[in-house]
Amino acid sequence: MPYLGEIAALSAAAGWSVASLMFAQLGTSLKLDPRALNLFKCVLALALLWLTMWVSEGIVLPSPDSSWALFALATSGVIGLTLGDTSYFHALLRLGPRRTLIFATLGTPTTALLAWVFLEEPLTLYMLLGIGVTIAGVIWVIFERQPAPITRSVESEQEEKARVRREREGVGFALVAMLCQAIGNILTKYGSTSMSALQTSTTRLCFGVIALLVWALLAVSVRRHVAKIFVRPSTVATLTVAT
C-alpha cells in the first residue's frame, strides 16, 4: 500500500496528541507523580504488545540475534521509555500539552541528525529545511511571553516567580525527553535488525518497565501515587484509553 509509512506516522502523532491531552488533564487534576503515570502506561502497553505479538506472530519471548542487539534494545528502553517518557510527563504537567508537543517535534530532526552521524543515513536539502523550520518554531515557543497583569500584589509577584521557575523546569524536562527519544531511536535501529517491530517494541518496553519498577521500589512517593490511580475506576479507564 502506497504511503503506508506516512499514514502510520501521522496516525501515531494524532493518537499521541490526544493521549497527551488526557495524561495532562488527569496528571494536573489529581497531582499525580509523572513516574507513576509512566509506570502505569508502560506496564499496560507491555501487556497489550506482548499479547498482540503472541497472537499475531506466535512468539512468547523475543530473541535478539546477538548480545549487542539485546544490550542496545535494553539501553534504548531505559533511556527512551524510563527516562525520556518520565521527563515528557514532567514537561506535560509544567508546560501543558500544546507547548510540550511542540518541543516533542524536535525529536524527529534530532534523530535524523544522530542517524546521519552514527548510521550514515543521508540528509537531503528538504530535510535540512524541515529541521530549520522546526527549530525556529520551537525557539518561538521558548521566548513566548504571557501578558502581564496590570496590577501586581506581593502574592501575585511570588506566584509569577513560581510560574516562571515551573516553566523553565518544563523546558528543561522537554529537552531531556527529546534527547532521550532521539538516542532511544538510534539504539533501537542498532538492535532491531533481525526482529519485527512488535518484537522490538516489546523488548524495549520490558526493560523500560523493569527500570521503572526498580525506581518505584526505591521511591515511596511513586508507590503511593500508583495506588492513588486505582482509587477511582474512572482514572484507570481514562489512563487505559490514553495508553
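In this text, all values refer to a predicted model and were calculated from it rather than measured experimentally. Every chain is numbered independently, its residues counted from 1 as its sequence is written. Only residues with pLDDT of at least 70 get local features here, since the model is predicted, and only at 80 or more are side-chain atom pairs given and counted; chain-wide, interface and lining totals rely on the full set of residues. Based on all heavy atoms of the structure, the side-chain values leave hydrogens and waters out of the count.

Help me get a handle on the side chain of K41, residues and values and all.
Secondary structure elements are defined from DSSP: runs of H or I of at least 4 residues count as helices, runs of E of at least 2 residues count as strands, and each element is numbered from the N terminus. Mapped onto the elements, K41 comes out in helix α2 (residues 34-57). Residue contacts follow a heavy-atom distance rule, with two residues in contact if any of their heavy atoms lie within 4.5 Å. Those residues in contact with K41 that sit more than four places away from it in its chain are W16, F23, D85, F89 and T243.

Before we move on, could you go through a positive patch on the surface and cite the residues and values that matter?
Nonpolar side chains (Val, Leu, Ile, Met, Phe, Trp, Tyr) are joined into patches within 5 Å and like charges within 9 Å, using only residues with over 30% relative accessible area and no salt bridge. Where accessible areas are quoted, they stem from the Shrake-Rupley method and a 1.4 Å probe; at the residue level, only the protein chains shown are allowed to cover. The salt bridge definition used is simple: a Lys or Arg side-chain nitrogen within 4 Å of an Asp or Glu carboxyl oxygen. The charge count includes Lys and Arg as positive and Asp and Glu as negative, but it does not include His or the ends of the chains. Note on charges: their place is set at NZ of Lys, CZ of Arg, CG of Asp or CD of Glu. A cluster of like positive charges, contributed by K31, R166, R224, K228 and R232, occupies part of the molecular surface. Considering the arrangement of structural elements, one finds R224 in helix α9 (residues 220-229).

Which residues make up the packing of α2 against helix α3 (residues 67-95), and what values go with them?
The axes used here are C-alpha line fits, helices contributing only the stretch in contact, and every angle between their N-to-C directions lies in the interval 0 to 180 degrees. Between α2 and α3, whose axes approach to 8 Å, the crossing angle comes to 125 degrees. Judged by the inter-axis angle, α2 sits oblique to α3. For α2 against α3, the interelement crossing comes out right-handed. When α2 is examined against α3, the residues P34, R35, L37, N38 and K41 are found in contact with a partner set consisting of L81, T82, D85, T86, F89, H90 and L93. Of the residues belonging to the contact of α2 with α3, the class tally is five nonpolar, four polar and three charged. Any angle that falls under 35 degrees is termed roughly parallel, while one over 145 is termed roughly antiparallel, one within 65 to 115 roughly perpendicular, and all others oblique. Handedness of each helix crossing follows the sense of rotation of the near helix against the far helix: counterclockwise by less than a right angle gives left-handed, clockwise gives right-handed. When residue character is reported, Ala, Val, Leu, Ile, Met, Phe, Trp, Tyr, Cys and Pro are called nonpolar, Asp, Glu, Lys and Arg charged, and the others, Gly included, polar.

Which residues make up the packing of α3 against helix α4 (residues 97-104), and what values go with them?
Remark: α3 packs on α4, axes separated minimally by 7 Å, with the N-to-C direction vectors making an angle of 140 degrees. It follows from the interaxial angle that α3 and α4 lie oblique. Residue-level contacts link Y88, A91, L92 and L95 of α3 to P97, R99, T100, L101, F103 and A104 of α4. A class-by-class count of the residues in the contact of α3 with α4 yields eight nonpolar, one polar and one charged.

Give a description of the side chain of T200 that names residues and reports values.
Position of T200 among the secondary structure elements: in helix α8 (residues 197-218). Summary of the burial criterion: residues with accessible area below 20% of their type's maximum are buried, those above 50% are exposed, and those between are partly exposed, where the area comes from a 1.4 Å probe applied to protein chains only. A relative accessible area of 6% places T200 in the buried class. Filtering out sequence-adjacent residues up to four positions away, T200 remains in contact with L73, T188, S192 and M195.

Go over the layout of surface pockets with me, naming the residues and quoting the values.
Here the largest pocket defines a volume of roughly 1,600 Å³. A12, A13, W16, Q181 and N185 are, among the 41 residues lining the largest pocket, the residues nearest its centre. Contributions of two or more residues to the lining of the largest pocket are made by α1 (4-30), α2, α3, α4, α5 (107-118), α7 (154-191) and α8. Ranked by the residues each element gives to the lining of the largest pocket, the list is headed by α1, at nine residues. Grouping the constituent residues of the lining of the largest pocket by class yields 20 nonpolar, 17 polar and four charged. We place a 1 Å grid over just the protein atoms. Points where a 1.4 Å probe fits but has no way out form a cavity, open points with protein on both sides within 12 Å along at least 5 of 7 lines form a pocket, and any residue with an atom within 4 Å of a point lines it. Grid points are joined across faces, edges and corners, and a volume is the space filled by probe spheres set on the points.

Please provide a residue-by-residue account of unusual backbone geometry, values included.
Although it is not a glycine, K31 sits at a positive phi angle of roughly 55 degrees. Mapped onto the elements of the fold, K31 is located in the loop between α1 and α2. Overall, the relative accessible area of 65% leaves K31 in the exposed class. A positive phi angle, close to 60 degrees, is found at E120, a residue other than glycine. In this fold, E120 is placed in the loop between α5 and α6 (125-142). Note on E120: relative accessible area 70%, which makes it exposed.

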